[in-house]
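Fold and contact review
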Amino acid sequence: MTELTGDADVDHNLKADLIRVAHLVADAARPETLRLFRSAGLLADDKGQGHFDPVTAADRAAEAAMRAVIARERPDDGILGEEMGVTAGTSGLTWVLDPIDGTRGFLCGTPTWGVLVSVADATGPLFGLIDQPFIGERFIGGFGQSEVRGPHGTHPLATRPSRPLDQAIVLTTFPEVGTAIEGRAFHAVASQMKLTRYGMDCYGYALLATGQVDLVIEAGLQPYDVHAPICVVQAAGGIVSNWQGGAAHHGGRVIAAANRDIHAVALSILQEVIDG
């Protein structure tokens, strides 16, 4: 078993192989998602309890295709996927997969969903991709890479420089954010900002990494929701933490910021509401 303790301890050949496989995994998901996207016959099952949490045949088919690549290319690695759970491995590495992050958006036909692929060791995520198959964009972060590939070519990622809250933009997925108190905390930040937009799912983190927005604030997340976004945002120069300022890769309450200044200001407001 390979004991890894973060990016710095992963050797060059292993990094290259993990990058190669990550792209193969994302490539495998693209046709499975696009086959049903905006199709008249698309149906969804509800796996939620008290709220609508859809899953489609595209989610399941995409994850099956992603897992098949990993089983072929790196059979000793573990897998954590949203739809098919945990497959144990022996290498010390785990692939964290969300075949369609933003299934509600997928159902609505909006191109704000994405395929999330990341690989982690015991310390957290090491390398990740946010892939948007319909637009043909792929956001890459980790192992010294930070770029977006898409219709406009390949460009480096870079988050925005510091600016006051009243000149900044914040994104989240749901207007209610999470629980009532989490919603109040979010809106305490949003009320001081220039612009607030909703419904972005993982694409919000991609926009943060490209320098379009300043903050993404969410709650109620799972590890497969955040591992790849953490890699992409941090590689672009941003900050990702939980609402206490600690590690975010376990999910829950997450704040992603373009820079340390706006992270500190927004985090202080969130904490004041939560602790008050």
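Now for a description of the structure that goes with this document. (Residues numbered from 1 in each chain as written. Predicted model: local features only at pLDDT ≥ 70, side-chain atom pairs only at ≥ 80, totals over all residues. Heavy atoms only, no water.)

**As for the environment of Ala 247**
Looking at the secondary structure, you find Ala 247 in the loop between strand S14 (239-242) and strand S15 (252-257). Here Ala 247 falls in the partly exposed class, since its relative accessible area comes to 48%. (Helix = DSSP H or I, 4+ residues; strand = E, 2+ residues; numbered from the N terminus. Buried < 20%, exposed > 50% of the residue type's maximum accessible area, 1.4 Å probe, protein only.)

**Considering the packing of helix H4 (residues 180-190) against helix H7 (residues 260-275)**
Put simply, H4 and H7 touch, their axes get as near as 8 Å, and they point 145° apart. Handedness of the crossing formed by H4 with H7: right-handed. Between H4, through Ile 181, Glu 182, Arg 184, Ala 185, Phe 186, Ala 188 and Val 189, and H7, the contact on the second element is made entirely by Ala 266, Ile 269, Leu 270, Val 273 and Ile 274. By residue class, the composition of the contact of H4 with H7 is ten nonpolar, no polar and two charged. (Axes fitted to C-alpha atoms, helices over the stretch in contact; angles between N-to-C directions. Left-handed = near helix turned anticlockwise from the far one by under 90°. Contact = heavy atoms within 4.5 Å. Nonpolar A, V, L, I, M, F, W, Y, C, P; charged D, E, K, R; others polar.)

**A word on helix H2 (residues 57-73)**
Helix length check: H2 (17 residues) gives 25 Å between terminal C-alpha atoms against 24 Å at 1.5 Å per residue, within 8%. When we look at burial in H2, the residues that qualify are Ala 58, Asp 59, Ala 62, Glu 63, Ala 65, Met 66, Arg 67, Val 69 and Ile 70. Where H2 begins, the capping side chain belongs to Thr 56, and its oxygen is found 3.1 Å from the backbone nitrogen of Ala 58. (Expected span 1.5 Å × (residues − 1). Polar contact = N/O pair within 3.5 Å; in protein donor to acceptor, adjacent residues only side chain to side chain.)

**Quick notes on the pattern of salt bridges**
If you walk through the whole model with that rule in mind, you get 15 salt bridges. Where Glu 63 meets Arg 67, a salt bridge forms, and the shortest distance between an N and an O atom there is 2.9 Å. A residue pair is termed a helical-turn pair when its members lie 3 or 4 positions apart in one helix, as Glu 63 and Arg 67 do in helix H2 at four residues. Neither residue differs from the other here; Glu 63 and Arg 67 are each classed as buried. (Salt bridge = Lys/Arg side-chain N within 4 Å of Asp/Glu carboxyl O.)

**Description of unusual backbone geometry**
For Phe 143, which is not glycine, the phi torsion reads 55° and is therefore positive. Take Phe 143: it is sitting in the loop between strand S8 (137-142) and strand S9 (145-150). At Asp 201, a residue that is not glycine, the phi angle is positive and equals roughly 50°. Here Asp 201 lies in the loop between strand S12 (195-198) and helix H5 (203-209).

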